Amino acid sequence: MLRHIARVTNLILRRLQDLEQRLKEYYRLLRRIQPRADAKDQPLIAKALEKETPPASLSPSSDLSVDAITRLVTPTTDPIEEDFNKDKMSQATGFIGAHSGRAWLHQLKRKGLRLEDASWQGSETPDDFFADSISSVNYFLDDEELSVDLSVQPFTIPPQDVADELLDTYFDMLHPGFPIVGKTVFLHQYRRLYSEPQSKPPKKWLAIFNLILAIAAQHLSLTYFDEADEWHDPSKYFSRGSMLGLADTPLIPHPDIQQAQIEGLAAFYLLMIGQVNRAWRISGTATSSAIAMGLHLRSVSKDTLDISKELRCRVWWSIFVLETTLSVMTGRPYSVANQFCTAPLPLPFDEDQFGDPFVARLLADANARRTLSKSLLSATAPDAETYLPAVKPCASLYFLFTVEIARIMRCAINLLYAPGATRSSSYSVEKALEDLISTINSLQRRLPEPFQFSRPQEDPAFETQRWCLAFQFYSAKMTIARIAIYRWERSGQATSSRWKEMSDICTNAACNMLSQLPDEPDIIWLGRIAPWCWILHDLMQALTVLLIELESRVKHGAKDPELISRYIQKGMHWLLAMASRHAASERAWQICQDLYLRLTPAATPLALRNP
């Protein structure tokens, strides 16, 4: 009886696979004739293609479909193959979704680089290099212990000259892309702290103060200090900030604005020290606190000043950008969809411009500020000529573009990487890719001249903004187009040429990102340009894409593998320079070198050296 059932089952499965093949041929034929069809038939064909059913849905088991779109588009999204609770390393890393660069690394590693021969030519291989666990390619420091030093005195403040130095670093380097605190109000309160020693600032304000100092001290330690003294030790400030703002009660307190700022700053600091899993968790808490206060919605309250509404708006968008960044790093979903967020986009004017009559009118007029945002971000917006001359390049304009890139990234994650996206037709995925790339390219063209990074700029003004925007745009293009690499490679010439075009966009974005770096690594310059927590992730994203491309070219004998190798070597030299001061960069360099030497055994290994 059981043998009979097995035979019948096998017959059914063979029949299903035959039907799958026929369906693919029919839909492929429709896609080929669609451009040549007349105007009347093209909409009918497009409608039929929208109903295309992924072959995986026809089979009783997903592993029976040899060419399931699920695997071609989102190969590691759903279901999970790993127990993330099996040991401390797995718990520290956690689930890493398909749009994370670490998932791409893991895919590449499992794709055929685990050779059993003894001809290893590279440097010493990590013990877990050939392990299947995704933690084996986790270059962040999630597995390192994190503790709060309970011996520190929470109300101790540093000498004013030290505090001045750290605050200057924070507001010059980190605040423009993360304006979670109002600079004017904060600095006014800061000056009172030292001019009026008898005053006792609130605990939450002191928590914010210490977390800002921790972030600044961490940034300086990566570039300028070999060993931090007592007043430049970021862990001391983080411990004080945690004791004052995160651990003052055994119960979960009701949120307020300062609590959301504390949680956002804590997440930012954890990201900077490589604790990405913990940073993602506390950023979710910050998002929840912000949502609980309605910061994600447009406020029409008459009890709140217009300037206060704008500062609260910036708190929300700072948390929004941070959570999006961590979502891309971890491959995990974000907390709130764009459709649920109606908070106005941040005004492209710095706080010292809020007193200007034109800016004051925008603060009070929701329609006028909406029109201004559209005129800056959309080429088809009305009244563009009316508003654009009044907007000058500044840190807040840079932040507006950063927010818009984050919004596009969320759309991409939702359309391309969410488990439900695997049910979309191949045609729909192609269309989504094209639309997303078109949107990001259009936004890039809208950048004002001082922010344009694709052409040489001699003016040193806004160098940091240009460089950071370049990395953000290229990272977005890689995240959007990366799935096309696997689709093109697996389907080959039989599939639409648009997959090949998207694959090339992804590879070119990686090369263009690395082109932004000087040929000779200079970590002093790097520390002056941008926070290292973003640099490492973006650099690894580019290197992973190029390693995937190199593997494909080597395997298929394609042209120009040497060109890709040169870009990979440049990125690895930068990782090596960063590794001298940054443990996560050292891990990243080791992983890349192991993979690169497996692909190119004749290459000479790079040696880790002290600065």
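Here's what I pulled together on the structure shown here. As the structure is a prediction and not an experimental result, all values here were calculated from the model.

Quick notes on the rules
- Residues numbered from 1 in each chain as written.
- Predicted model: local features only at pLDDT ≥ 70, side-chain atom pairs only at ≥ 80, totals over all residues.
- Heavy atoms only, no water.
- 1 Å grid on protein atoms, 1.4 Å probe; cavity = no way out; pocket = protein on both sides within 12 Å on 5 of 7 lines; lining within 4 Å.
- Points joined across faces, edges and corners; volume = space filled by probe spheres on them.
- Helix = DSSP H or I, 4+ residues; strand = E, 2+ residues; numbered from the N terminus.
- Nonpolar A, V, L, I, M, F, W, Y, C, P; charged D, E, K, R; others polar.
- Axes fitted to C-alpha atoms, helices over the stretch in contact; angles between N-to-C directions.
- Left-handed = near helix turned anticlockwise from the far one by under 90°.
- Contact = heavy atoms within 4.5 Å.
- Phe/Tyr/Trp six-rings, centres within 6.5 Å; stacked < 30°, edge-to-face > 60°.
- Buried < 20%, exposed > 50% of the residue type's maximum accessible area, 1.4 Å probe, protein only.
- Lys NZ or Arg CZ within 6 Å of the ring centre and 35° of its normal.
- Salt bridge = Lys/Arg side-chain N within 4 Å of Asp/Glu carboxyl O.
- Expected span 1.5 Å × (residues − 1).

### Some details on empty space enclosed by the protein
Thought 1: Here the structure, examined in full by the defined rule, presents two cavities of 30 Å³ or more.
Thought 2: There is about 500 Å³ of room inside the largest cavity.
Thought 3: Along its surface, the largest cavity is lined by 30 residues, and Val321, Thr325, Thr402, Gln472 and Trp534 are the ones closest to its centre.
Thought 4: Counting residues per element, the ones that place at least two in the lining of the largest cavity are helix H6 (160-174), helix H12 (306-330), helix H16 (395-417), helix H18 (463-491) and helix H21 (532-556).
Thought 5: Element by element, the count of residues in the lining of the largest cavity is highest for H18, at eight residues.
Thought 6: Of the residues assigned to the lining of the largest cavity, the class counts are 19 nonpolar, nine polar and two charged.
Thought 7: For the second largest cavity, the calculated volume is near 40 Å³.

### Overview of the packing of helix H11 (residues 276-292) against H12
Thought 1: It is at 9 Å that the axes of H11 and H12 come closest, and there the two elements cross at 145°. Relative to H12, the crossing made by H11 is left-handed. Of H12, the residues touching H11 (which contributes Val276, Ala279, Trp280, Ser283, Ala286, Thr287, Ala290 and Ile291) are Trp316, Ile319, Leu322, Glu323, Leu326, Met329 and Thr330.
Thought 2: Looking at the contact of H11 with H12 residue by residue, the classes come out as 11 nonpolar, three polar and one charged.

### Things to note about the packing of aromatic side chains
Thought 1: Counting across every chain of the model gives 20 aromatic pairs.
Thought 2: Ring centres of Trp467 and Phe471 lie 4.1 Å apart, and the angle between their planes is 25°; on these two criteria the pair is classed as stacked. With Trp467 and Phe471 both in helix H18 and four residues apart, the pair spans about one turn of that helix. Accessibility assignment for this pair places Trp467 and Phe471 in one class, buried.
Thought 3: Grouping aromatic residues by their ring pairs yields a cluster made of Tyr170, Phe171, Phe186, Tyr190, Tyr194, Trp205 and Phe209.
Thought 4: Over the ring of Trp280 we find Arg332, and its NZ or CZ is 4.7 Å from the ring centre.
Thought 5: One Lys or Arg, Arg410, reaches over the ring of Phe320 and ends 3.8 Å from the middle of that ring.

### What to know about the pattern of salt bridges
Thought 1: Per the stated rule, a full pass over the model turns up 14 salt bridges.
Thought 2: Asp142 is the salt-bridge partner of Arg102, the closest N and O atoms lying 3.8 Å from each other. Taken as a pair, Arg102 in helix H5 (residues 101-110) and Asp142 in the loop between H5 and H6 lie far apart in primary sequence, 40 residues in all.
Thought 3: The class for Arg102 is buried, based on a relative accessible area of 2%.
Thought 4: Measuring nitrogen to oxygen at the nearest pair gives 2.8 Å for the salt bridge that ties Glu449 to Arg455.

### Observations regarding H12
Thought 1: Taking 1.5 Å per residue as the helical rise, H12 with its 25 residues ought to reach 36 Å, and the 36 Å between its terminal C-alpha atoms agrees with that figure.
Thought 2: Of all the 25 residues making up H12, 20 are buried; the element is thus mostly covered by neighbouring parts of the structure.
Thought 3: Downstream of H12 by a residue or two, Gly331 has a phi angle that is positive, lying close to 75°.

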